[in-house]
Amino acid sequence: MAHSSMAASTAGASPRRPLAGAGTSRWGEKVIKTFLALCAAFSILVTTGIVISLVVPTVNFFGQIPLVEFLTGTTWAPAFANPSFGVLPIVVGTLIVVVTALAVAIPVGLASAIYLSEYASSRVRKVVKPALEVLEGIPTVAIGLFAFFFMRPLAERYLPFLPWDTPFSIGIAGVAVGLLIVPLVASVSEDAMRSVPAGLREGAYALGASKMRVSMRVIFPAAISGIIAAVVLGTSRAIGETMVVLIAAGAGNPNLTFNWFGSAQTMTAYIGGTATGDISQGTVVYDTIFAVGALLFTMTLTMNIIATRLVRRFREVYE
Amino acid sequence: MPDNSGHETTGTAPGTTGTAPGTAPGGVGTASPDEVPVFELGDVSVSYNGNPALAGVTMDIGAKEITAFIGPSGCGKSTLLRSLNRMNDLIPGARVRGELLYKGTDLYGASVDAVQVRKRIGMVFQKPNPFPKSIYDNVAFGPRTVGMKGSMDEIVEKALRGAALWEEVSDRLRESAYSLSGGQQQRLCIARAIAVEPDVILMDEPCSALDPISTVRVEDLMAELKNHYSIVIVTHNMHQAARVADRTAFFSVQVDDTGRRIGQLIEADETGTIFTKPTDKRTEDYISGRVG
């Protein structure tokens, strides 16, 4: 019975196109697919290109300077008459900036995110969220100038007992970088918290949890993977930030120093300050730029891998 | 009065206004005589951003029994349920008017803390919403919040036994709550709610996301729970109300002159009465499947 009625209905559908062959005629679909795949491949190609362009001069550099000397030396003076290639001073400079920046950006950024996501009324959020996003787009050179001409003198005026021995301060530069990445950390982690399903929030409130408890014990852990992603993004920006440190941290001392208040150079500031028109290709100084760049690349890559592992471990999967 | 909650309470005494159009004489329910009602509602109205969702509800809800709210979509039954533990506070623009007494205390009184209210009046939601934590931590969340004394292991076990889930999960308490089936997750949510030993459990269509077998388990559990708790359940399923509820309140939607749809209580009575000889024609139409 069912069989015969099905046969009848198929017969009735004769004006339609045949099923076979329909796939081969969809060449337009294929063009689009190829185009999209090429676009996706483009960023991979660019990354590969960057790595290759770093590798050649880096290999060249390590042909002249032993890796151990580079990594353990405590004097960084590649352009001096009596050159020295110990990278530690500028690695420490970068670390001081990153740690200081995170010390500012993590508490301020996460507190703003919790406020915006859990406490603020929609009216407040409508004003503050776009303002934060605008702040993200401020040119870093402006923040560098702000740090040098405003923050550093202000710090000396109100805290005169601290050892401000030069007009530059790596620590102040770090604070400025921190301010620079606050909007990024706040905005990304707020998105993560807002995307926690409303049902979890309601479930916690229904158990008599206060707003603080709901935020800290339910929303925060549920959003932790997004929050870690926000901090990693912020850290990457802090490591890579060049302009602020170039302006506000000074040219630096060739010797290893941990002085937060004095001038110091970061890896990026070294590259940015050295890679100018009057550097000649083929010299050791030219190669140092790439060696430092490769080290920077390795550091951020390692950090990203560790962060991805962390996210996977601590993630609280909902649904 | 400082407007910190977005709610307004008028001191209307129950039953004095009678503004609810079409409320049948039998619509005002009273709890069984041997028990003091756990909730006394007097002309309760709820609005969202000035749009009334529910108006003029006057009824009592009895202790240690199951009260079901039934009615078509948009009749305000969930809205009313959520005003019983001030969950509506979380929705911007929600406003509850009228008198809503919980054991004689005005729930929306100026000095009443919504957080304290919710510690006594728990809630189970339509969709199971366990936290993305272990089974143990889900149940322990409430007791830790409230600061309950005693062994947490015992509290958790007691709650899980109370929700008829202990046998199934006792050997995997540290596993994620999401490893459970939907029905188990909903019973976990019930365990989570009873772990803080509330007086009342509000259930908002607790079985609508569950399969029939899980539904039966939850209904059996409710029959068990009413020995210790007062339960209010919103359900879309009339048969469920008929199966589990001691008393049933029927809500419907009234369209006013301006075309706004406002929910109202039509009548509340013993479940048997509602289903066999309802006072109002609209109840009868709904029950017999002619409407809704």
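Rules behind the numbers
Residues numbered from 1 in each chain as written. Chains lettered and ligands numbered in written order. Predicted model: local features only at pLDDT ≥ 70, side-chain atom pairs only at ≥ 80, totals over all residues. Heavy atoms only, no water. Helix = DSSP H or I, 4+ residues; strand = E, 2+ residues; numbered from the N terminus. Buried < 20%, exposed > 50% of the residue type's maximum accessible area, 1.4 Å probe, protein only. Contact = heavy atoms within 4.5 Å. UniProt positions renumbered as here; feature names shortened; annotations may be inferred. Pairing = 2+ DSSP bridges. Core = buried A, V, L, I, M, F, W, Y, C linked by side-chain atoms within 4.5 Å. Axes fitted to C-alpha atoms, helices over the stretch in contact; angles between N-to-C directions. Parallel < 35°, antiparallel > 145°, perpendicular 65-115°, else oblique. Left-handed = near helix turned anticlockwise from the far one by under 90°. Nonpolar A, V, L, I, M, F, W, Y, C, P; charged D, E, K, R; others polar. Buried area = accessible area lost by both parts, 1.4 Å probe. Salt bridge = Lys/Arg side-chain N within 4 Å of Asp/Glu carboxyl O. Polar contact = N/O pair within 3.5 Å; in protein donor to acceptor, adjacent residues only side chain to side chain. Expected span 1.5 Å × (residues − 1). Arc of directions from axis to C-beta. Right-handed = clockwise from strand over helix to strand, strands pointing away.

1. Let's talk about the overall build of chain A
Here comes step 1: For chain A, the count of helices and strands is 13 helices and 2 strands.
Here comes step 2: The proportion of buried residues among the 319 residues of chain A is 42%.
Here comes step 3: For chain A, the proportion of contacts with a sequence separation of at least 24, taken over those separated by at least 6, is 74%.

2. Some points on the UniProt feature "transmembrane region" (unreviewed entry) in chain A
Here comes step 1: Residues annotated in UniProt with the feature "transmembrane region" (unreviewed entry) correspond here to residues 35-56, 90-116, 137-155, 167-186, 218-239 and 289-311 of chain A.
Here comes step 2: Across residues 289-311 of chain A, the secondary structure splits into 100% helix and 0% strand, with the terminal C-alpha atoms separated by 33 Å.

3. A look at the pairing of strand 4 (residues 94-102) of chain B
Residues and elements named next belong to chain B.
Here comes step 1: For strand 4, a buried count of 7 out of 9 residues is recorded, marking the element as mostly surrounded by other parts of the structure.
Here comes step 2: Bridge count for strand 1 (residues 39-48) against strand 4 is 8 bridges, and the pairing is antiparallel. Opposite S45, over in strand 4, you have R97 as the bridge partner.
Here comes step 3: Hairpin connection between strand 4 and strand 5 (residues 105-106): a loop of 2 residues separates the two successive antiparallel strands, and K103 in this loop has a positive phi of roughly 50°.

4. Side note on unusual backbone geometry
All names here are of chain B.
Here comes step 1: In this model, D43 sits at a positive phi of 50°, which is unusual for a non-glycine residue.
Here comes step 2: With respect to the helices and strands, the residue D43 is situated in strand 1.
Here comes step 3: According to the relative accessible area criterion, D43 is buried, its value standing at 14%.
Here comes step 4: Its identity is not glycine, yet N49 carries a phi of approximately 50°, on the positive side.
Here comes step 5: By relative accessible area, which is 61% here, N49 ends up exposed.

5. Regarding the nonpolar core
Here comes step 1: Formed by 113 residues in total, the largest nonpolar core has its most connected members in F39(B) and F69(B).
Here comes step 2: No other element matches helix 4 (residues 88-119) of chain A, which puts 12 residues into this core.
Here comes step 3: In this structure F69(B) touches M59(B), I61(B), K77(B), L80(B), L81(B), V232(B), I233(B), V234(B), T235(B), A249(B) and F251(B), once residues within four positions along its chain are discounted.
Here comes step 4: Among the nonpolar cores identified, the runner-up in size contains 46 residues, and I194(B), C207(B), L221(B) and L225(B) belong to it.

6. Describing the packing of helix 9 (residues 211-222) of chain A against helix 3 (residues 135-146) of chain B
Here comes step 1: Two elements in contact, helix 9 of chain A and helix 3 of chain B, have axes whose closest approach is 12 Å; the angle formed by their N-to-C orientations is 150°. Here helix 3 of chain B runs roughly antiparallel to helix 9 of chain A, going by the angle between their axes. Like other packed secondary-structure pairs, helix 9 of chain A and helix 3 of chain B cross with a definite hand, here right-handed. The residues of helix 3 of chain B that touch helix 9 of chain A, namely those facing R213(A), R217(A) and V218(A), are F141(B), R144(B) and T145(B).
Here comes step 2: Split by residue class, the contact of helix 9 of chain A with helix 3 of chain B holds 2 nonpolar, 1 polar and 3 charged.

7. Section: the interface of chain A and chain B
Interfaces are often sized by the accessible area lost when the parts come together.
Here comes step 1: The interface of chain A with chain B comprises 20 residues on the first partner and 24 residues on the second.
Here comes step 2: Counting the surface lost from both chain A and chain B, the interface buries some 1,800 Å², and carbon and sulfur atoms represent 64% of this.
Here comes step 3: A salt bridge links E202(A) to R82(B); the shortest N-O distance between them is 2.4 Å.
Here comes step 4: Scanning the region where chain A abuts chain B turns up 4 residue pairs in polar contact (both at pLDDT 80 or more).
Here comes step 5: Breaking the side of chain A that touches chain B down by element, the ones donating at least two residues are helix 8 (198-205) and helix 9 of chain A.
Here comes step 6: Per-element accounting of the side of chain A that touches chain B gives the leading share, 6 residues, to helix 8 of chain A.
Here comes step 7: Across the side of chain A that touches chain B, the residue classes tally to 11 nonpolar, 4 polar and 5 charged.

8. A short note on helix 7 (residues 212-225) of chain B
Residue and element names in this part refer to chain B.
Here comes step 1: Taking 1.5 Å as the rise per residue, helix 7 with 14 residues should run 20 Å; its terminal C-alpha atoms sit 20 Å apart, in good agreement.
Here comes step 2: Residues of helix 7 that are buried include every one of S214, T215, V218, E219, L221, M222 and L225, and no others. Buried positions in helix 7, seen along its axis, are confined to an arc of 160° and lie on one side of it. In helix 7, the exposed positions angled more than 90 degrees off the buried face are occupied by P212, I213 and E224.
Here comes step 3: Where helix 7 is buried, its residues meet strand 3 (66-70), helix 4 (152-162), helix 6 (182-194), strand 7 (200-204), strand 8 (230-234) and helix 8 (238-244).
Here comes step 4: Sitting at the head of helix 7, D211 places a side-chain oxygen 3.0 Å from the backbone nitrogen of I213.

9. Notes on the pattern of salt bridges
Here comes step 1: By the definition in use, this model includes 22 salt bridges over all chains.
Here comes step 2: Across the salt bridge formed by R194(A) and E190(A), the nearest N and O atoms sit 3.9 Å from each other. In this pair, R194(A) and E190(A) are both assigned in helix 7 (residues 170-194), 4 residues apart and thus about one turn of the helix distant.
Here comes step 3: For R194(A), a relative accessible area of 43% corresponds to the partly exposed category.
Here comes step 4: Among the ionic pairs, K103(B) bridges to D199(B), the shortest N-O distance being 3.3 Å.

10. Details of the pairing of strand 7 of chain B
All names here are of chain B.
Here comes step 1: With 5 of its 5 residues buried, strand 7 lies for the most part within the structure.
Here comes step 2: By the alternation rule, side chains of strand 7 split into V200, L202 and D204 and I201 and M203, which are all buried.
Here comes step 3: Strand direction decides the pairing type here: strand 7 and strand 8, joined by 5 bridges, are parallel. Following the sheet pairing, I201 is matched in strand 8 by I231.
Here comes step 4: Read from strand 7 through helix 7 to strand 8, the crossover connection turns out right-handed.

11. Details of the environment of L54(B)
Here comes step 1: On the secondary structure map, L54(B) appears in strand 2 (residues 51-61).
Here comes step 2: Those residues in contact with L54(B) that lie beyond four places of it in its chain are V44(B), S45(B), V46(B), C75(B), G76(B), L80(B), F251(B), I262(B), G263(B) and Q264(B).

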